[in-house]
Each structure stands twice: as C-alpha cells, then as structure tokens.
Amino acid sequence: EMLNKWAGKDFDGNVAICGAIVCLIKTTPQHHSSFTPLGPISNLLDTFFYHVEILEDTKYPITIEAQLLDTLDKALGAHSEVVDSARLALLTSERRQDPFTTCDLLVLHVAVQIGLHRYVSQKLDEQSYSRSIQSDFLLTALLSTADRPNKTHRVRMVSLLLEKGFDPNMPTNLDRRVA
C-alpha cells in the first residue's frame, strides 16, 4: 500500500523488476560461472520471464513488453561469448526445460516456450526465420513445459506459428540427431 501511494498509479512493479534485471545483466562480469544452470544469470532470467509473462496479460501495450525483451536480448548479446558457451544451461533452467533446442535466439526462443504470444507475433512480423529455426520454434511450442496449469498457451502459440506459415512437416534438429 505504501509503495502504491508513493509510486502513483502509473507504476508497475513488474516493469520495474524487469528493467532492474536487465541493468544487472548488463553489468555482470563475463565469467562462465555467472551463466551456469543455477548461477546468478539463470536465476535472474527466471525472475525476468516470470514478470514479463505477467505483462502479457495486462493492460500494457506490447511496446513495453517488447522493449524489455529486446533490451534483454541486447544485454545478453553483449555477453555473447559466455552466453553462447552457456546457452544450453540457460535454456534448461528450472522454467525452461527444453533439451532439444539449438536455437541461437535465446530471448525469442524462451518467449515461444512460455507463450508470449504478442511478442512472438510482433517478431515474426518484423523478420523471417530459416526453416530450421521455424521447426525448432514449433517443436518448442509443442513441447513447452512452462509452469502454467493448462495447455492453452501451447495451443495458442502453435496456432500462431502455423498462421505465420511455419511448416509442421519440416524436420527438426531432434529428427536430424536421431537419423
């Protein structure tokens, strides 16, 4: 109540937390230990995506959500050397269990996985992706284990990807590993 009184009606704690996390990631030293599965960056990413997921279903326009996610993407890009070497560890943290991914688009991949429909739709409108990445995104949406009690977000994300022209018959990286 006190925070609401001080901050005013335009303050949203979810936006503030996400912004603070991006600042922390930007200033994190580029040490591999920071990017391990239970390391500080992985924990920060879990918290970030938890709060961004709340924004998906709020009154805020997509511009705020997209700005936060794009800024996170740039911050992780600044750490590309250690992020690339720890990508699987970041993607297999507690909230994002997907052992099949080889996607180079960490933030967008997680957005597909946890069902950030508005952001994914915007990104797919802005840029086209290779068929390999498309198949990985579709597989991610289908196998998503995000901690929502129902499967509605999966169905909605798969529907979006199919509407955007993703081919469900394309081989995935999983298919390529098995072959």
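Residues numbered from 1 in each chain as written. Predicted model: local features only at pLDDT ≥ 70, side-chain atom pairs only at ≥ 80, totals over all residues. Heavy atoms only, no water.

Trainee: Hey, could you run me through the packing of helix H6 (residues 106-114) against helix H7 (residues 117-126) in this one?
Mentor: Relative placement of two packed helices is described by the angle separating their axes and the distance separating the axes. Remark: H6 packs on H7, axes separated minimally by 8 Å, with the N-to-C direction vectors making an angle of 130°. Classified by the angle between their axes, H6 and H7 sit oblique to one another. As for how H6 packs across H7, the hand of that crossing is left-handed. For the pair H6 and H7, contact is made by Val107, Leu108, Ala111 and Val112 and by Tyr119, Val120 and Lys123, respectively. Tallied by class, the residues present in the contact of H6 with H7 amount to six nonpolar, no polar and one charged. (Axes fitted to C-alpha atoms, helices over the stretch in contact; angles between N-to-C directions. Helix = DSSP H or I, 4+ residues; strand = E, 2+ residues; numbered from the N terminus. Parallel < 35°, antiparallel > 145°, perpendicular 65-115°, else oblique. Left-handed = near helix turned anticlockwise from the far one by under 90°. Contact = heavy atoms within 4.5 Å. Nonpolar A, V, L, I, M, F, W, Y, C, P; charged D, E, K, R; others polar.)

Trainee: Whenever I open this one, the environment of threonine 71 confuses me. Can you help?
Mentor: Mapped onto the fold, threonine 71 is located in helix H4 (residues 62-78). Residue threonine 71 is classed as partly exposed on the basis of its relative accessible area of 26%. The sequence separation of threonine 71 and cysteine 18 amounts to 53 residues, and the corresponding C-alpha distance is 10.0 Å. For threonine 71, the residues in contact, after removing those within four places along its chain, are Val22 and Lys26. (Buried < 20%, exposed > 50% of the residue type's maximum accessible area, 1.4 Å probe, protein only.)

Trainee: Honestly, helix H3 (residues 40-56) in this entry has me stumped. Any pointers?
Mentor: Along an α-helix, residues three or four positions apart point the same way, because every turn accommodates 3.6 residues. End to end, H3 covers 25 Å across 17 residues, agreeing with the expected 24 Å (1.5 Å per residue, within 8%). The element H3 is extensively covered by neighbouring structure, given that 12 of its 17 residues are classed as buried. If you check which residues of H3 are buried, you get Ile41, Ser42, Leu44, Leu45, Asp46, Phe48, Phe49, His51, Val52, Glu53, Leu55 and Glu56. (Expected span 1.5 Å × (residues − 1).)

Trainee: Honestly, the side chain of histidine 51 in this entry has me stumped. Any pointers?
Mentor: Within the fold, histidine 51 resides in helix H3. Judged by relative accessible area, histidine 51 falls into the buried class, the value being 13%. Ignoring any residue separated from it by four or fewer positions in sequence, one finds histidine 51 in contact with Asn14, Ile17 and Cys18.

Trainee: Any chance you could explain the packing of aromatic side chains here in plain terms?
Mentor: Centre distance and the angle of the planes are the two values used to describe a pair of aromatic rings. Evaluated as defined, the whole model comprises two aromatic pairs. Plain terms: the ring middles of phenylalanine 48 and phenylalanine 49 are 5.4 Å apart, the flat faces sit at 85° to each other, and that makes the pair edge-to-face. As far as the burial class goes, phenylalanine 48 and phenylalanine 49 line up, both buried. Seen from their ring centres, tyrosine 129 and phenylalanine 137 are 6.0 Å apart, and the 70° between their planes marks the pair as edge-to-face. When sorted by exposure, tyrosine 129 lands in the same class as phenylalanine 137, which is buried. (Phe/Tyr/Trp six-rings, centres within 6.5 Å; stacked < 30°, edge-to-face > 60°.)

Trainee: I tried to follow the pattern of salt bridges on my own but got confused; where do I start?
Mentor: It is possible for side chains bearing opposite charge to pair when their charged atoms get close. With the rule as written, the count across this model stands at six salt bridges. Residue arginine 118 is joined to glutamate 65 by a salt bridge in which the shortest nitrogen-to-oxygen separation is 2.7 Å. Of this pair, arginine 118 sits in helix H7 while glutamate 65 sits in helix H4, placing them 53 residues apart in sequence. Note on arginine 118: relative accessible area 23%, which makes it partly exposed. Here glutamate 65 falls in the buried class, since its relative accessible area comes to 1%. Across the pair glutamate 126 and lysine 123 runs a salt bridge whose closest N-O atoms are separated by 3.1 Å. (Salt bridge = Lys/Arg side-chain N within 4 Å of Asp/Glu carboxyl O.)

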